[in-house]
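In case you want the letters, here they are:
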Amino acid sequence: MHLNICKIKTYKKLCLLTLWSVFLFFIPNIQASENPSTEKKFDAGSTIIGHVVDAYEWHIMTINDKHISIYLPVILYHDGKIHLFSSSKFHHGHESYAGFAICQEKGANKGKIIKVDEEGNMDKDAFFIDLSITKNVLSLFISILLLTLIILSAARSYKKNGHGAPKGIARIIEPILLFIKDGAIVPSIGPKHEKYTPFLLTLFFFILFNNLFGLIPFFPGGANLTGNISVTLILALFTFIVTTLSGNKHYWKDIFNTPGIPWWLKVPIPLMPIVELIGVFTKPIILMIRLFANITAGHIIALGFICLIFILGETNLSAGYGVSIASVIFYVFMGFIELLVAFIQAYVFTLLSAIYIGMAVKEHEEEHELKEIH
Amino acid sequence: MELVLPGIGLMFWMTLSFLILLFILGKFGWKPIMGMLNKREKSITDALQEAEKTREEMRLLKIDNELLLKQAKEERDAIVSEARKVSQKMYDSAKEKANFEAEHIIESAKEAIHYEKMKAIADIKNTIADLSVDIAEKVILQELKDKQAHSTYVNKLLDDIKLN
C-alpha cells in the first residue's frame, strides 16, 4: 500500500515535471519562431530525430536563438594520434576543427564526425575511431553511477540490517528483484540460475533505470540511451556471449542435429542446421531491435505531439496555443504508457535472455521429463 | 538512417561501462543482497520448522502429561482401594476376636454359675439331710411320749418346714 502511494506520488511528480519541462523547453522556441529574423521553417522530422539520436553536445535550451549546451569532449583516434578537444570547437556543427567536422548532409553519417579537407569536403576514405564522450555516453556514465550508488546502498542496508525486514532503498529494490528472480530467472534457467542471476539482474536494472532516466526530459535525463541501437546491440551481445559460452553438449546437438526431424532435412542439404544456426543469431538481434524500437518509438510519438504545437503554431499562433493543451494531455498519456513500456521492455529483455540461457544450460533428462509430462 | 547505425564510440563505452557495472554490482551488490535474501529465506524456513517441531513436542508432552495423570489417578485409586480392603480386614478380624472373647467370657461365667449352683444344691442337700435327721430324731423322741402330741407335733413341724 505504502509502495503504491509512493508510486502514485512519483507518477504525479513525473507528470508535473514533464509538463513543466515541456513549457520550459519550448517557450523560448516559440519566441524564436515569432522573431522575423529567423525565417527557418520548422522541420518536425529532423527535430524529432535530433532529439532521439546521439549528439556531441548536450543541448539544454535555446533562448532567443542562443543555445545553452554542455559541450562534451571529442576523442578521436586518427593516424596513431589521439585528438582530444571540446565539441564547442565545432560551433554547433557549423565549423570544422583540426580537419574534423560534424556531417550536416542527409544520409548515414548525419550528425557524426567526419574527416574533411581544407575546402570542407568530406574525406570518405579516412579511417579514424570516434571514442567521443557523447550525450549518450555521459548519460550512460551518470546512470551507471547512480545505479551503482542505489544498489550498493541497498546492499549496505542489507549488511547493516542482517536478515531482518528490508529498510530504506532496499524496500523498493527487493520486490522488483524478487519479482525478476522468482518470476523470470529461476523458472527459465532452473537449478543452475545462481551463476547467471547477477548478470540478468544487472541487465534488468540497467535497462529499467535507463528507460526511466530517458523519460525525464531534461538534464541529466533525457538521453535516449536504451533507445540507441549501439546500446541495445551491446546488451544483446552480452546475452549472446553468455548464452553461447554456457551452451552445453545438448544445446549444440539440438542445433546441428535436431532430434525428431526427418533425415532428409539434414542430409545432403543441412537445411535444419542452417535454420537453427540462423536462429542462434536472430535471437539476440530480435532482443536488440525490440528494445531499441520500443523505446525510440515512445520517444518519437511523445515528441511528435510536442512538434504538432509548432507545426500549427507556424501557420497560426493561436492554433498553436490551442493545440498545445491537447498535445500536453496526449504527451502525459504517452508518458504513462512509456512508464509501463519501460518496465515491460526491461522485463521482456531479461526474461528472454533468461530463457535463451535456460535453453543453453538445460539438461537432456529434464527435457525428456517434460515430454513425458506433456 | 542515422537512427539505426550503431556508433563505435558508444559501443566501446557501453561495453566498458557495462562490464564495470557487472563487476561492481556482481561483487558488492548482488552477492551480499542475494546472500542476505537466501539467509533470510533460510531463517524463515528454519523458524517455521522450529515452530512445527515445538508444536509437535508440545503435543507429545501433552499426551505424556495426560498419560502420567491417568497413571497417577489409577495408582491413587489402587492405593485407596487397597487401604480400604486392609482396613476392612482389620475391622473384621477385630470384630471376630471380640466375639470370640465375649463368648469365652460368657462361657466361663456360665461355668462359674453352674458350679456355684451345684455347690448351693449340695449345701441344700446337706442342710435338708441334717434337718431331716433332726426332725426324725425329734419325731422319734415325741413318739415315744405321746401319740396325740406326736401327730400334732409332726403337723407343726411340717408347717415349720412350709414356712421355711
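Residues numbered from 1 in each chain as written. Chains lettered and ligands numbered in written order. Predicted model: local features only at pLDDT ≥ 70, side-chain atom pairs only at ≥ 80, totals over all residues.

(A) Seen up close, the overall build of chain B. When helices and strands are tallied, chain B shows 2 helices and 0 strands. Against the compact-globule benchmark of 15 Å for 164 residues, chain B has a radius of gyration of 64 Å, which places it well outside the compact range. The dimensions of chain B, computed from C-alpha atoms along their principal axes, are 200 × 25 × 15 Å. (Helix = DSSP H or I, 4+ residues; strand = E, 2+ residues; numbered from the N terminus. Rg over C-alpha atoms; globule rule 2.2 N^0.38 Å.)

(B) Region of interest: the overall build of chain A. The helix and strand inventory of chain A stands at 10 helices and 7 strands. Here chain A, with 374 residues, has 32% of them falling under the buried criterion. (Buried ≥ 20, exposed ≤ 12 C-beta atoms within 10 Å, placed from the backbone.)

(C) Broad picture of helix α5 (residues 197-215) of chain A. A rise of 1.5 Å per residue sets the reference length of α5(A), with its 19 residues, at 27 Å; its end C-alpha atoms lie 27 Å apart and thus fit the reference within 8%. Buried residues dominate α5(A), accounting for 17 of its 19 residues. (Expected span 1.5 Å × (residues − 1).)

(D) Structural detail: the domain arrangement of chain A. In terms of domain boundaries, chain A breaks down into domain 1 (73-132) and domain 2 (136-373). Taking the mean C-alpha position of each, domain 1 of chain A and domain 2 of chain A sit 33 Å from one another. (Domains from an automatic or database assignment.)

(E) View of the environment of Tyr158(A). Mapped onto the elements of the fold, Tyr158(A) is located in helix α3 (residues 135-161). With 26 C-beta atoms packed within 10 Å, Tyr158(A) lands in the buried category. Residues Tyr158(A) and Ile286(A) lie 128 residues apart in sequence; the distance between their C-alpha atoms is 37 Å. Setting aside its immediate chain neighbours within four residues, Tyr158(A) contacts Ala170(A), Pro32(B), Ile33(B) and Met36(B). (Contact = placed C-beta atoms within 7 Å.)

(F) Quick look at the pairing of strand β3 (residues 73-78) of chain A. All names here are of chain A. With 6 bridges joining them, β3 and strand β4 (residues 81-86) adopt antiparallel strand pairing. Residue tyrosine 77 lies in a different strand from β4, and its bridge partner there is isoleucine 82. Taking the residues that link successive antiparallel strands as the turn, the β3-β4 hairpin has 2 residues, and the phi of aspartate 79 there is positive, at about 60 degrees. Pairing geometry for β3 and strand β7 (residues 128-130), over 3 bridges, is antiparallel. (Pairing = 2+ DSSP bridges.)

(G) Broad picture of the nonpolar core. Core analysis: the largest hydrophobic core is formed by 60 residues, its most contacted members being Leu200(A), Leu203(A), Phe204(A), Phe205(A), Phe206(A) and Ile207(A). Going through the elements one at a time, α3, α4 (170-189), α5, α6 (229-246), α8 (271-315) and α9 (317-361) of chain A together with α1 (8-143) of chain B are the ones with two or more residues in this core. Considering each element in turn, this core owes the most residues, 12 residues, to α5(A). If you look at the next biggest cluster of nonpolar residues, it comprises 9 residues, including Ile306(A), Cys307(A), Ile309(A) and Phe310(A). (Core = buried A, V, L, I, M, F, W, Y, C linked by C-beta atoms within 7 Å.)

(H) Structural view of the sheet that holds β3(A). All names here are of chain A. Taking strand neighbours across the sheet as the criterion, the 3 strands line up as β4-β3-β7 in an open arrangement whose pairing is antiparallel. If you trace the sheet from one side to the other, it starts and ends with β4 and β7, each paired once. On average, each strand axis in the sheet is tilted by 20 degrees relative to the strand beside it, whichever way the strands run. (Axes fitted to C-alpha atoms, helices over the stretch in contact; angles between N-to-C directions.)

(I) A look at the interface of chain B and chain A. Contacts between chain B and chain A engage 32 residues on the former and 41 residues on the latter. Within the side of chain B that touches chain A, the residues separate by chemical class into 22 nonpolar, 7 polar and 3 charged. (Nonpolar A, V, L, I, M, F, W, Y, C, P; charged D, E, K, R; others polar.)

(J) Focus on the environment of Tyr77(A). Residue and element names in this part refer to chain A. Its location among the elements puts tyrosine 77 in strand β3. With 14 C-beta atoms counted inside 10 Å, the residue tyrosine 77 sits in the partly exposed group. When the C-alpha atoms of tyrosine 77 and phenylalanine 128 are compared, they prove to be 5.5 Å apart, with 51 residues separating the residues in sequence. Discounting chain neighbours no more than four positions away, the residues touching tyrosine 77 are Ile82, Phe128, Ile129 and Leu131.

(K) Seen up close, the environment of Ala126(A). Residue and element names in this part refer to chain A. Looking at where alanine 126 falls in the secondary structure, it is placed in the loop between β6 (113-115) and β7. On the neighbour-count criterion, alanine 126 (14 C-beta atoms within 10 Å) is partly exposed. Through-space distance from the C-alpha of alanine 126 to that of isoleucine 114 is 8.4 Å; in sequence the pair is 12 residues apart.

(L) Examining the confidence of the model for chain B more closely. Residue-level pLDDT values for chain B average 88, and 95% of them are 70 or greater. Scoring the predicted complex yields pTM 0.72 and, for the interface, ipTM 0.80. (pLDDT = per-residue confidence, 0-100.)

(M) Here's a closer look at α9(A). Here α9(A) contains 45 residues, and its C-alpha end-to-end distance of 62 Å stays within 8% of the 66 Å for a straight helix at 1.5 Å per residue. The largest bend along α9(A) measures about 30 degrees and falls at Ser324(A). (Bend = angle between axes of the 7 residues up to and from the residue.)

(N) Up close: the confidence of the model for chain A. Residue and element names in this part refer to chain A. Mean pLDDT over chain A: 81, with 86% of residues reaching 70 or higher. Per-element mean pLDDT across chain A ranges from 47 in helix α1 (residues 2-34) up to 92 in α6. Taken as a whole, residues 20-38 scores under 50 in pLDDT and shows 25 contacts with residues more than four places along the chain or in a different chain.

(O) Here's a closer look at the packing of α6(A) against α8(A). Residues and elements named next belong to chain A. Interaxial distance between α6 and α8 falls to 8 Å at its minimum, and their mutual angle equals 145 degrees. Handedness of the crossing formed by α6 with α8: right-handed. For the pair formed by α6 and α8, the contact residues are Ile229, Thr232, Leu233, Ala236, Leu237, Thr239 and Phe240 on the first element and Pro284, Ile285, Leu287, Met288, Leu291 and Phe292 on the second. Of the residues contributing to the contact of α6 with α8, the split by class is 11 nonpolar, 2 polar and no charged. (Left-handed = near helix turned anticlockwise from the far one by under 90°.)

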